[in-house]
Amino acid sequence: MHRITVIGGGFAGLTAAITAAEAGAEVTVYEAHHTLGGRARTAEGPYRTNEGPHALYSAGPHWTWLKQRDLIGALAPIPPLEAARLRLRHKGALRRTPPFAMLKLLRRSCQQAPADADFMTWATGQAGAEGARAAAHYSAVALFHHDPGSLSAAFVQERLRRAMKLPTEANCPRGGWANVIDRMAGRAWNLGVRMETLAQVDAVPADRGPVIVATSLDAARRLLKDASLTWTSGRTALVDLALRSRRGDAFAVSDLDAPGWIERFTARDRTLAPAGEQLLQGQIPIAPGETGAHGVARAEQLLDLAFEGWRERVTWRRASVSNGRTGAVDLPGTSWRDRPRIDRGDGVYLVGDQVAAPGVLSEVSFNSAMEAVALALRIRERLDLKRA
Ligand SMILES: Cc1cc2nc3c(=O)[nH]c(=O)nc-3n(C[C@H](O)[C@H](O)[C@H](O)COP(=O)(O)OP(=O)(O)OC[C@H]3O[C@@H](n4cnc5c(N)ncnc54)[C@H](O)[C@@H]3O)c2cc1C
């Protein structure tokens, strides 16, 4: 029997632990925090906020895997009436439909965007500058970067296509992602995985089998003492708000004039806030020179436009900056293949959402975890068959 050590008990670490245990390995997970889940934790208390991920994309590779194991639990679908309340800010005003030029970028006939050009240049050639700018800003909901137009065209195009299907493709587990994490932890436990919390690992253990490092890339750089472990990511102000309910509030507002998204999460899941209150989160990407306050100010402009009388209705609020925590973004001339590789040699494997694996956001964590287990246990064919 193989012995596998997993460092980090977030979504990637739990995926790796379950996959390895299902293949018959003896697995131990070490998690520094007192609870599992990492960035997929849901806050305790009356306001059940998520730092992300809020959305579980059903076209993603993790969806089938989680479903097959009954690890998703109940979903919180958007009621049709609420879906019709998605608004877009364009040229300072709210509208219901995207500008026509932006839709040109979603036509089937639209070419595959190149990885070596920036999105703004490529998309302007396809749909004109106005359509390109609106599309770039809309795609920020899935990439959390202050200037999506400056990123690789292929990278942004993939996220734009996924994000345009948001109302049908992006699912929210009822009660937040904590429920998925709890179910994954239960599955791991039943498979005999040993899970130690409050167990920060400062160096790769000596006498051991394969080690899967499933921390953030920053933590992995320190742990593996490898300065080359870096990749670009986003910086986003997160503005959490609870408001007294009012009929007719928007379900979500996407800013097409600048990157930004505000969603009323209780529109689909009433369990996230006390009765009579609505829970909203604004995700406003900010540039390197900007502070969290700039993000908050932009969120407030969007709130003024779409949530009438919101200032008088606030019952709770909080703001933070999520720096380098929203997964990899690829600059022109690079793709996921150029990110830090999974196989680090000497039986050490690196997984997470900033490593060399395809997918959007947590899908990169999932795909890299599967790949690491396949490499560590040399069972790629069996895993590929199971996934198929
Ligand atoms: C604002 C925001 C919005 C997001 N929205 C979405 C979305 O809509 N959809 C989506 O799919 N994804 C989304 N994401 C991304 C998603 O949250 C991450 O991709 C995913 O949770 C990463 O999981 P992970 O296990 O790779 O890393 P992490 O969740 O960071 O887990 C790493 C774990 O390792 C532990 N650790 C670190 N160092 C050590 C050590 N030395 N020893 C032991 N343990 C250690 C940490 O405590 C942590 O629990 C969002 C992220 C953010 C921040």
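This is a predicted model, so every value here is computed, not measured.

Reading the values: rules and limits
- Residues numbered from 1 in each chain as written.
- Predicted model: local features only at pLDDT ≥ 70, side-chain atom pairs only at ≥ 80, totals over all residues.
- Helix = DSSP H or I, 4+ residues; strand = E, 2+ residues; numbered from the N terminus.
- Expected span 1.5 Å × (residues − 1).
- Buried ≥ 20, exposed ≤ 12 C-beta atoms within 10 Å, placed from the backbone.
- Arc of directions from axis to C-beta.
- Contact = placed C-beta atoms within 7 Å.
- Axes fitted to C-alpha atoms, helices over the stretch in contact; angles between N-to-C directions.
- Left-handed = near helix turned anticlockwise from the far one by under 90°.
- Nonpolar A, V, L, I, M, F, W, Y, C, P; charged D, E, K, R; others polar.
- Domains from an automatic or database assignment.
- Pairing = 2+ DSSP bridges.
- Core = buried A, V, L, I, M, F, W, Y, C linked by C-beta atoms within 7 Å.

Caption draft 1: Quick peek at helix α8 (residues 178-190). Across its 13 residues, α8 extends 18 Å between first and last C-alpha, which sits within 8% of the 18 Å expected from 1.5 Å per residue. Those residues of α8 that sit buried are V180, I181, M184, A185 and A188. The arc that holds the buried residues of α8, viewed along the axis, is 135 degrees, so those residues lie on one side. Exposed side of α8, more than 90 degrees from the buried face: G186, W189 and N190 are the residues found there. Check the buried side of α8 and you find it contacts α1 (11-22), α2 (61-68) and β7 (194-196).

Caption draft 2: Structural detail: the packing of α1 against helix α12 (residues 362-377). Between α1 and α12, the least distance of the axes is 8 Å, while the angle of their chain directions is 35 degrees. α12 is crossed by α1, and the crossing has right-handed handedness. Across the interface between the two elements, F11, A12, T15, A16, T19 and A20 of α1 pack against S362, S365, F366, S368, A369, M370, A372, V373 and L377 of α12. Here the residues of the contact of α1 with α12 are counted per class, giving 10 nonpolar, 5 polar and no charged.

Caption draft 3: The domain arrangement of the chain, seen in detail. Taken as a whole, the chain is organised into domain 1 (3-70 + 174-231 + 334-387) and domain 2 (77-171 + 233-328). Its C-alpha centre places domain 1 at a distance of 27 Å from the equivalent point of domain 2.

Caption draft 4: Molecular detail of the sheet that holds strand β2 (residues 26-30). Spatially, 6 strands are ordered β7-β2-β1-β8-β15-β14 in an open sheet, and the strand pairing comes out mixed. At either end of the open sheet lies a strand with only one pairing partner, and these are β7 and β14 (343-345). With direction set aside, neighbouring strand axes in the sheet form an average angle of 20 degrees. Bridge count between strand β8 (residues 211-213) and strand β15 (residues 348-350): 3 bridges; the pairing is parallel.

Caption draft 5: Structural view of the nonpolar core. Counting 117 residues, the largest nonpolar core has A16, A17, A123, I212, V213 and V351 as the members making the most contacts within it. Ranked by residues supplied to this core, first place goes to helix α5 (residues 119-139) with 10 residues. Both domains that furnish three or more residues to this core are identified here as domain 1 (3-70 + 174-231 + 334-387) and domain 2 (77-171 + 233-328). With sequence-adjacent residues up to four places away left out, V351 is seen in contact with A12, A16, I212, A214, I342, S365, S368, A369 and A372.

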